[in-house]
Amino acid sequence: MVIRNGLVFGEDCRFHKADLVYEGEHIRHIVPAGTAAGEGIDAEGAYVMPGFVDIHTHGCVNSDFCDADGAGLARMLEYYGSQGVTSVVPATMSFNQPILEDVIQAALPFFDEDGHGAVLRGINMEGPFINTEKRGAQNPEYIVDPAVEMFEALQALAGGRVKLVDIAPELPGSIEFIRRVAGQCVVSLAHTNATYDEALAAFAAGARHVTHMFNAMPPFGHRAPGVVGAASDMASFVEIVSDGIHLHPSVVRATFRWFGEERVCLVSDSMRGTGMPDGEYDLGGQMVKLQGNKATLVDGGAIAGSATNLADCCRCAVRFGVPIEQAVRAAATNPAVAVGLGTQVGSLAPGRRADILLWDAQLATKGVIIGGRRVVG
């Protein structure tokens, strides 16, 4: 199948007019525009991009990853795929080990399976090794100090598919935890009151990622740079939620200038109210009020995830003034590389999965292809 005459997102993370040929589940080659023969799609004037990779999402369409419900997970994957989010690494909330074991058990049949829409690529453990003072929408009942044995038991049950684990590096035992698990998955700093020196020590021990940067952590200060300053010095990747709620548009633009387009990951942090009407929804055992695209705890008013999918977060970033090439890289290529999926998804190149998103000049979806199957358009 040929997608011809489109603006194809190249391995240099820039758009080039070209023909893209895919066969079965994989991309075969990319050639100059108008030179590929065969049945195809006319993409004249359209952006041809890798499917987006969301490495931090909790749920959508009234379902949550932590429901431990296969039918709900299938609905989530179908919704993500319909929006052009073709790979997901959904996040857990702070729960005890038995509850997290149930979540993993429900996910096992879905890992790396096609046919549900987006493909489930792993798990992001956002809790429970976080600071209660910066818990946000996390349930304090389940928050504990870092426990290697708990993590390793869950990782074993998941077959090594825990791709990210969050930690507040100021907690007792955190540095030893990082040293012991950094070889098993990406360690990310999150929900933390860490100082610059505490965060720097975590990065030196093997942490390399920051979860929804600026949120649930001390602000950057010129004499107390905190986690943000340490991330600037040492982090491989930082996440931001570009939904117009979590961060001011100026901060979104500044993050790309400060960290460079190669280090920023856009994530949705979406909760079950995404794709649903206004109302009240559960997140991690706590009730959340959804009004428009703003989700807040009913008790206290703290931001409780987002109600915006990753494709719309990417569109927001472009509207905020981020060049589309940089926004697409942050929504597809960077998150895939961040969690070790960069040789499979997140870019358009021969041998990569045929996970392809087409947008028109107004950034409206023209088509979604997942594993060579057209699911939209």
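See the structure printed just above.
Please read all numbers here as calculations on a predicted model, not as lab measurements.

Reading the values: the criteria
- Residues numbered from 1 in each chain as written.
- Predicted model: local features only at pLDDT ≥ 70, side-chain atom pairs only at ≥ 80, totals over all residues.
- Heavy atoms only, no water.
- Helix = DSSP H or I, 4+ residues; strand = E, 2+ residues; numbered from the N terminus.
- Rg over C-alpha atoms; globule rule 2.2 N^0.38 Å.
- Buried < 20%, exposed > 50% of the residue type's maximum accessible area, 1.4 Å probe, protein only.
- Areas by Shrake-Rupley, 256 points an atom, 1.4 Å probe, with all protein chains shown as cover.
- Lys, Arg positive; Asp, Glu negative; His and termini not counted.
- Charge placed at Lys NZ, Arg CZ, Asp CG, Glu CD.
- Core = buried A, V, L, I, M, F, W, Y, C linked by side-chain atoms within 4.5 Å.
- Expected span 1.5 Å × (residues − 1).
- Pairing = 2+ DSSP bridges.
- Contact = heavy atoms within 4.5 Å.
- Axes fitted to C-alpha atoms, helices over the stretch in contact; angles between N-to-C directions.
- Arc of directions from axis to C-beta.
- Phe/Tyr/Trp six-rings, centres within 6.5 Å; stacked < 30°, edge-to-face > 60°.
- Disulfide = S-S within 2.5 Å.
- Parallel < 35°, antiparallel > 145°, perpendicular 65-115°, else oblique.
- Left-handed = near helix turned anticlockwise from the far one by under 90°.
- Nonpolar A, V, L, I, M, F, W, Y, C, P; charged D, E, K, R; others polar.
- Salt bridge = Lys/Arg side-chain N within 4 Å of Asp/Glu carboxyl O.

It is worth spelling out the overall build of the protein at this point. When helices and strands are counted, the protein shows 9 helices and 23 strands. A globule of 377 residues ought to have a C-alpha radius of gyration of about 21 Å, and the protein, at 20 Å, matches this closely. Taken over 377 residues, the protein has a buried fraction of 58%. Of the roughly 13500 Å² of accessible surface on the protein, a fraction of 48% belongs to carbon and sulfur atoms. The averaged location of the 43 negative side-chain charges in the protein is 6 Å from the averaged location of its 28 positive side-chain charges.

The next subject is the nonpolar core. Ile3, Phe52 and Ile356 are the most contacted members of the largest nonpolar core, which totals 111 residues. Core analysis: the second largest hydrophobic core is formed by 14 residues, Val53, Val267, Leu341 and Val345 among them.

This next bit is on helix H1 (residues 70–82). For H1, built from 13 residues, the straight-helix expectation of 18 Å at 1.5 Å per residue is met to within 8% by its first-to-last C-alpha distance of 18 Å. Every buried residue belonging to H1 is among Gly72, Leu73, Met76, Leu77, Tyr79, Tyr80 and Gly81, and all of these are buried. One or two steps after H1, the chain reaches Gly84, where phi turns positive at roughly 95°.

It is worth spelling out the sheet that holds strand E12 (residues 123–125) at this point. With respect to topology, 7 strands assemble into an open sheet ordered E10-E12-E13-E14-E15-E16-E17, the strand pairing being parallel. Each edge of the open sheet is held by one strand with a lone partner, namely strand E10 (91–92) and strand E17 (264–266). Summarising the sheet, strand E16 (residues 237–240) and E17 pair through 3 bridges and their orientation is parallel. Following the sheet pairing, Val238 is matched in E17 by Val264. In the packing of helix H9 (residues 324–338) onto the sheet, contacts are made with strand E14 (186–189), strand E15 (209–210), E16 and E17, and the angle to E17 comes to roughly 105°.

With that out of the way, let us pick up helix H3 (residues 148–157). Of all the residues in H3, the buried ones are Val148, Met150, Phe151, Leu154 and Gln155. What you see down the axis of H3 is that its buried residues fit within an arc of 165°, all on one side. Counted as exposed and oriented over 90 degrees from the buried face of H3: Glu149 and Ala156. Residues of H3 that are buried sit in contact with helix H2 (97–107), E12, strand E13 (162–167) and helix H4 (174–181).

Moving on: the sheet that holds strand E11 (residues 119–120). The strands making up a sheet are joined through hydrogen bonds of the backbone, oriented either antiparallel or parallel. The sheet built from 3 strands is open, its strands ordered E6-E9-E11 with parallel pairing. Each of the sheet's edge strands pairs with one partner strand only, and the pair in question is strand E6 (52–54) and E11. Direction of pairing for E6 relative to strand E9 (residues 85–88): parallel, over a ladder of 3 bridges. Paired with Asp54 across the strands is Val88, a residue of E9.

In terms of burial, strand E1 (residues 2–9) is a largely internal element, 6 of the 8 residues being buried. Judged from the 3 bridges that link them, E1 and strand E4 (residues 40–42) form a sheet pairing that is parallel. Residue pairing in the sheet places Val2 in a bridge with Gly40 of E4. Of the strand pairs in this sheet, E1 and strand E2 (residues 15–23) are connected by 6 bridges, and their pairing is antiparallel. Looking across to E2, one finds that Leu7 is bridged to Lys17. Counted along the chain from E1 to the antiparallel partner E2, the turn is 5 residues long, and its residue Cys13 has a positive phi close to 60°.

What follows deals with the packing of aromatic side chains. Centre distance and the angle of the planes are the two values used to describe a pair of aromatic rings. This model, assessed by the stated rule, comprises 9 aromatic pairs. With a centroid separation of 5.1 Å and an interplanar angle of 70°, the aromatic rings of Phe220 and Trp258 are classed as edge-to-face. With Phe220 in the loop between E15 and helix H6 (226–234) and Trp258 in helix H7 (residues 249–259), the pair connects residues that are 38 residues apart, well separated along the chain. Pairing Trp258 with Phe259 gives two aromatic rings, centres 5.2 Å apart and planes at 45°, and the pair type is tilted.

Attention shifts here to the state of the cysteines. By the definition in use, this model includes 0 disulfides. Between Cys313, a free cysteine, and Cys316, which holds the nearest cysteine sulfur, the sulfur-to-sulfur gap is 6.2 Å.

One can describe the packing of H4 onto helix H5 (residues 196–205) by two numbers: an axis separation of 8 Å at closest approach and a directional angle of 25°. Classified by the angle their axes make, H4 and H5 are roughly parallel. Relative to H5, the crossing made by H4 is right-handed. Seen from H4, the contacting residues are Ile175, Ile178 and Arg179; seen from H5, they are Ala201, Ala202 and Ala205. Its residues assigned to classes, the contact of H4 with H5 shows 5 nonpolar, no polar and 1 charged.

Here we take up the side chain of His58. Tracing the backbone through its elements, the reader meets His58 in the loop between E6 and strand E7 (59–60). His58 gets classed as buried once you look at its relative accessible area, which sits at 2%. Ignoring sequence-local partners within four residues, the contact set of His58 consists of Asp64, Phe65, Met76, Tyr80, Ala91, Thr92, Met93, Glu126, Asp269, Ser270, Met271 and Leu283.

What follows deals with the pattern of salt bridges. One pass over the structure, following the stated rule, counts 13 salt bridges. The partner of Asp67 in a salt bridge is Arg272, and the shortest N-O contact between them spans 2.7 Å. Of this pair, Asp67 sits in the loop between strand E8 (63–64) and H1 while Arg272 sits in the loop between E17 and strand E18 (279–283), and the two are 205 residues apart along the sequence. Looking at Asp67, the relative accessible area reads 34%, which means it is partly exposed. Overall, the relative accessible area of 8% leaves Arg272 in the buried class. Here the salt bridges do not stand alone but share partners, grouping Arg14, Glu261 and Arg329 into one network.

These figures capture arrangement, not role.
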